[in-house]
Amino acid sequence: MQWDKVKNILIVILLAVNLFMLGNLALKSYNDHHRAVELRRDVQTLLEARGIALDDGFVLPDDLVLPQLSVDRSRTEEEQVAFAMLGTDAARSEDDEGNVRYESTRGMVTWSGDGTVQGSIRQDEGVPADDREALRRARQLFERWGLKPGDGTIEVVEHSIATLSGPVAGMAVHNRHLTLFFGEDGTVQLTGYWSFGVPYTLASETGVSCSAADALLAFVAEHPEVKNVYGMDLGYRLLTDSSRRLQLVPTWKIKTDSIDFLVDCAKKTTI
């Protein structure tokens with residue numbers, strides 16, 4: 001009998017603790033939402049004072065801390081892609097800057113140390129008849145070359161142009177994309193900026209604080225000519241550092257009425 005009373009008391013205590021924690025969680029959620037609404041209103045007021053409007057569907061993203069990442073250049077995977085494009089008989093040459101050129105009767109492709117790639121490959125087919133055909137052929141070529149989009153996308157700009165983009169470590173890389181141009185002479189022109197391998201962070205690297213409001217306000221101060229802002233996306237941009245290592249740097253993409261701008265999270269400057 002005594003044990004039954006103890007159990008009932010314990011159950012009541014547990015229920016009280018759970019209700020208290022649930023109440024705290026609800027209060028925190030409400031406060032976070034209230035602060036987000038106030039912050040958006042304050043940002044909107046400051047932008048309107050400069051003659052800049054936020055789109056009705058604009059949502060100010062949450063602030064995050066992202067690590068700066070490194071990516072090792074993979075000459076092996078570059079070579080595999082080049083051979084898939086040109087055949088295993090392609091001749092290889094490299095200059096003092098680390099640019100590697102492959103060439104055969106099918107065409108040529110050059111991988112640069114900074115991640116850029118340029119190529120011209122003979123396919124003996126003309127310009128696709130429509131967007132659907134361009135998408136099918138672009139997907140075929142990228143897969144044949146071993147350049148699969150993963151969670152990324154292949155988009156058709158027009159019948160003769162298709163673009164492959166893909167995230168890294170689950171995040172968008174705003175400048176990591178490859179563009180195919182289908183020429184009338186049957187060649188395919190390839191240009192873009194790409195990387196291979198799994199990114200990693202160095203022990204010496206600290207996280208980069210990415211504040212959407214700070215980046216947006218710094219951006220409009222730098223670009224007063226912009227009149228409308230439609231959205232913001234957080235991701236990375238691919239670049240090489242002073243040691244010629246490939247880096248993934250936290251970066252905002254800001255969509256405006258003219259073009260999309262990239263804003264460095266740490267420096268809060270337009271790239």
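Counting of residues starts from 1 at the beginning of each chain's written sequence and follows it residue by residue. For a predicted model such as this one, the threshold for reporting local features is a pLDDT of at least 70, and the threshold for listing and counting side-chain atom pairs is 80 or more; totals across whole chains, interfaces and linings nevertheless cover every residue. Note that the side-chain values use all heavy atoms of the structure and ignore hydrogens as well as water.

Taken as a class, soluble globular proteins show a tendency for nonpolar side chains to be buried jointly. By size, the foremost hydrophobic cluster in this structure holds 33 residues, and its most contacted members are Leu216, Phe219, Val229, Met232, Leu248 and Trp252. When contributions to this core are tallied by element, the ones reaching two or more residues are helix H1 (2-49), strand E3 (69-71), strand E12 (207-210), helix H4 (212-222), strand E13 (228-240), strand E14 (246-256) and strand E15 (260-264). Here a residue-residue contact requires only that any non-hydrogen atoms of the pair lie within 4.5 Å. Not counting residues within four places of it along the chain, the set of residues in contact with Phe219 comprises Val226, Ile254, Thr256, Phe261, Val263 and Thr270. Among the nonpolar cores identified, the runner-up in size contains 26 residues, and Ala82, Ala90, Val100 and Leu178 belong to it. We define the nonpolar core as a collection of buried residues of types Ala, Val, Leu, Ile, Met, Phe, Trp, Tyr and Cys that are connected through side-chain atoms lying within 4.5 Å of one another. Only protein chains enter the calculation, and the probe is 1.4 Å; a residue is then buried if its accessible area is under 20% of its type maximum, exposed if over 50%, and partly exposed in between. Secondary structure is summarised from DSSP: a helix means a run of H or I of at least four residues, a strand means a run of E of at least two, and numbering begins at the N terminus for each.

Moving on, we get to the sheet that holds strand E10 (residues 177-182). The pairing criterion for strands is at least two bridges between them, as found by DSSP. As summarised here, the arrangement of the 8 strands in space is E4-E5-E6-E7-E11-E10-E9-E8, forming an open sheet in which the pairing is antiparallel. Of all strands in the sheet, those with a lone pairing partner are strand E4 (91-94) and strand E8 (153-158), marking the two edges. Put simply, the sheet's adjacent strands are angled 15° from each other on average, direction ignored. Inspection of the sheet shows E10 paired to strand E11 (residues 187-193) by 6 bridges, in the antiparallel sense. Looking at the pairing, Leu180 lines up with Leu190 of E11. In this description, a line fitted to the C-alpha atoms serves as the axis of each element, helices being fitted only across the stretch in contact, and the angle between N-to-C directions of two axes falls anywhere from 0 to 180 degrees.

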